[in-house]
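Inside the fold
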Amino acid sequence: MKMVGLFKRGATVMAASLVAFSVEVSADTAEQLAICKSELKSMYGEGTRVRMYGTKSYRGVETLKLKVTPAGDSSMTLQCSSDTESDERVVLKDKYGDTLVS
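The paragraphs below set out a description of the structure included in this document. (Residues numbered from 1 in each chain as written. Predicted model: local features only at pLDDT ≥ 70, side-chain atom pairs only at ≥ 80, totals over all residues. Heavy atoms only, no water.)

Inspection of the secondary structure assignment puts Val 68 in strand β2 (residues 61–69). Take Val 68: its relative accessible area is 0%, and that puts it in the buried class. In sequence terms Val 68 and Arg 49 are 19 residues apart; their C-alpha atoms lie 5.8 Å from each other. Excluding anything up to four places from it in sequence, Val 68 contacts Leu 40, Tyr 44, Thr 48, Arg 49, Ser 74, Ser 75, Met 76 and Leu 78. (Helix = DSSP H or I, 4+ residues; strand = E, 2+ residues; numbered from the N terminus. Buried < 20%, exposed > 50% of the residue type's maximum accessible area, 1.4 Å probe, protein only. Contact = heavy atoms within 4.5 Å.)

So, in structure tokens, the structure goes:
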């Protein structure tokens, strides 16, 4: 009986730490999405719709996959990455990985 109680307590601690980590990650993602939206709206106009449909993280670089629909135009797929080596806050790329000129 004591072993089961110890297991439950350990599982509760692990679950709490995982929730805290996921909240931190989602806050970073939400902040990056807000920056990406503002950059895209300055490029394509305020009527631009931006929808995130995926994220990817590789070697500390978070990449958001976005569906961007400028007002009165067809939709396009773009990527928005946080780049620690660049002077810019975020880097916008097309679906093939080529950097967009802003």
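A few words on the environment of Gly 97. As for its position among the elements, Gly 97 is in the segment after β4 (90–94). For Gly 97, a relative accessible area of 32% gives the class partly exposed. Taking C-alpha positions, Gly 97 is 8.6 Å from Leu 78, a pair spaced 19 residues apart along the chain.

With 12 residues, the main nonpolar core is built from Leu 33, Ile 35, Cys 36, Leu 40, Val 50, Leu 64, Leu 66, Val 68, Leu 78, Cys 80, Val 90 and Leu 92. Those elements giving two or more residues to this core turn out to be α1 (2–44), β2, β3 (76–82) and β4. Looking at this core element by element, the count peaks at four residues for α1. Contacts of Ile 35, omitting those with residues within four sequence positions, involve Arg 89 and Val 90. (Core = buried A, V, L, I, M, F, W, Y, C linked by side-chain atoms within 4.5 Å.)

The next subject is unusual backbone geometry. For Arg 59, which is not a glycine, the phi torsion comes out positive at approximately 55°. With respect to the helices and strands, Arg 59 occurs in the loop between β1 (49–58) and β2. We classify Arg 59 as exposed; its relative accessible area is 73%.

Right, let's get into the sheet that holds β1. Judged by pairing direction, the sheet is antiparallel, and its four strands sit side by side in the order β1-β2-β3-β4 without closing on themselves. Edge strands, defined here as strands with exactly one partner in the open sheet, are β1 and β4. Between one strand axis and the next, the sheet turns through 25° on average, direction left out of account. Bridge count between β3 and β4: five bridges; the pairing is antiparallel. Paired with Ser 82 across the two strands is Val 90, which belongs to β4. (Pairing = 2+ DSSP bridges. Axes fitted to C-alpha atoms, helices over the stretch in contact; angles between N-to-C directions.)

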